[in-house]
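Observations on chain architecture
The lines below spell out each chain.
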Amino acid sequence: MVRSVPQRDSACAIAQAAAVVGDWWSLLLVRETARGHHRFDALQGELGISRKVLTERLAHLVEAEVLERVPYQSGPVRYEYRLTESGRGLLPVLLSMQDWADRWLLGDGSLSGTADADSAEALRVAGLVGERLPILELPGHRDGEPLDPVAEAAATVLFCYPATGRPSPLPDGWADIPGAVGCTLENRLFRDAYDEFRAAGAEVRGVSTQRPDEQRVFAAEEGIPFTLLSDVDLRLAAALRLPVFRAGQALRVKRAVLVVDRERVVRQAHFPVTDIPGAVREALAVVRAVAAGN
């Protein structure tokens, strides 16, 4: 049952939200369903939670319309749990919590668009190798239509970047944030090497939290031949727990390069990216190895 809110807090939206997702297990269940774990046994295995508590928390989130039960087999009927539109609206909350903890609990409190190689963020990204990217869609820059980030190719290179300075100006102090500068250069380097990636059997896709219309203007000005994907709703960032930082009152993904094979398995996860040209060359080498069956 959804926890009741005292009358004194009935008009407080924070209290109302806490009544739904203010519990440890409830928040982690939203995290895990965003990561692509939808079935009871998978959720229990990921969280190490008792069956009794898991059953109670799932029922609570279904009642609150954060999750919905979707049948995946009959005889007997078995269900999996998926985020509703309301549940997906919590993803920016999760990423804001992640950003806060990475900065203030696991970091030294400084604002950064990158991280140390031995940081918790780097360990999370390194742990993506061997994991499967959940099925999801992001708007593409050309027409805003939703696209699978994983292309129909032997491999897909997903390079995540904070933001380009066109058409919208970057926030004040952007150049002072470590790791923030270099997004236009990165796009240009992948653009210039695009034919080599295609010859190796790969597709390239850039990902930022900018809107598709902003990406469209930038792609036209720079002659970007590949698709730029908008993670403005943070679906990909939440699914992979990608490192983010807040600048200009918006969450931005930190620069990272992923190589994903046609089975959606992450074959390379490069973070932090401190040498952009080197990261492009490395991604090309990994793509060639994947295409060769290595």
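Below or above, wherever it landed, is the structure these notes cover. Keep in mind that what you see is a predicted model, and the values were worked out from it rather than measured.

Cut-offs and rules
Residues numbered from 1 in each chain as written. Predicted model: local features only at pLDDT ≥ 70, side-chain atom pairs only at ≥ 80, totals over all residues. Heavy atoms only, no water. Salt bridge = Lys/Arg side-chain N within 4 Å of Asp/Glu carboxyl O. Buried < 20%, exposed > 50% of the residue type's maximum accessible area, 1.4 Å probe, protein only. Disulfide = S-S within 2.5 Å. Helix = DSSP H or I, 4+ residues; strand = E, 2+ residues; numbered from the N terminus. Polar contact = N/O pair within 3.5 Å; in protein donor to acceptor, adjacent residues only side chain to side chain. Phe/Tyr/Trp six-rings, centres within 6.5 Å; stacked < 30°, edge-to-face > 60°. Lys NZ or Arg CZ within 6 Å of the ring centre and 35° of its normal. Pairing = 2+ DSSP bridges. Axes fitted to C-alpha atoms, helices over the stretch in contact; angles between N-to-C directions. Contact = heavy atoms within 4.5 Å.

With respect to the pattern of salt bridges
Counted by the stated rule, this structure contains 23 salt bridges. Its salt-bridge partner being R82, residue E80 comes within 2.8 Å of it at the nearest N-O pair. With a relative accessible area of 9%, E80 lands in the buried category. The class of R82 is partly exposed, set by a relative accessible area of 33%. Among the salt bridges present, the one from R211 reaches E214, with a minimum N-O distance of 3.8 Å. Owing to a relative accessible area of 41%, R211 belongs among the partly exposed residues under this scheme. Residue classification places E214 among the buried residues on the basis of a relative accessible area of 10%. What emerges from the salt-bridge pattern is a single network uniting R166, R188, R191, D192, E221 and E222.

So, the state of the cysteines
Going through the model one piece at a time under the given rule, you end up with zero disulfides. Between C183, a cysteine without a disulfide, and C160, which holds the nearest cysteine sulfur, the sulfur-to-sulfur distance is 11 Å.

Comments concerning the side chain of E32
Along the chain, E32 falls in helix 2 (residues 24–34). Judged by relative accessible area, which is 0%, E32 ranks as buried. Side chain to side chain, E32 and R35 meet in a polar contact 3.0 Å long. Polar side-chain contacts of E32 include one of 2.8 Å to the side chain of H37.

Brief notes about the packing of aromatic side chains
Tallied over the entire structure, the rule returns seven aromatic pairs. Summarising the aromatic geometry, the rings of F159 and Y161 are spaced 5.6 Å apart at their centres and angled 25° between planes, so their arrangement reads as stacked. Grouping residues by exposure puts F159 and Y161 together as buried. Taking the centre distance of 5.7 Å and the plane angle of 85° together, the rings of F159 and F226 count as edge-to-face. One end of the pair, F159, is in strand 5 (residues 155–160); the other, F226, is in the loop between helix 10 (212–222) and strand 7 (227–230), and 67 residues separate them in sequence. Of the two residues examined, F159 and F226, each falls in the buried class. Among the aromatic residues, those joined into a ring-pair cluster are F159, Y161, F190, Y194, F197 and F226. Over the ring of Y79 we find R69; its NZ or CZ atom is 3.9 Å from the centre of that ring.

A closer look at the sheet that holds strand 10 (residues 256–261)
The strands making up a sheet associate through backbone hydrogen bonding, with each pair oriented either parallel or antiparallel. Spatial ordering of the open sheet is given by 7-6-5-10-11, a layout of five strands whose pairing is mixed. The sheet terminates laterally at strand 7 and strand 11 (266–270), the two strands that pair on one side only. Ignoring which end each strand starts from, the neighbouring axes of this sheet average 20° apart. Relative to strand 6 (residues 202–208), strand 5 runs parallel, the two being bridged by six bridges. Bridge assignment links C160 to a residue of strand 6, and that residue is V207. Packed on one face of the sheet, helix 8 (residues 183–192) meets strand 5, strand 6, strand 7 and strand 10 and runs near 160° to strand 5.

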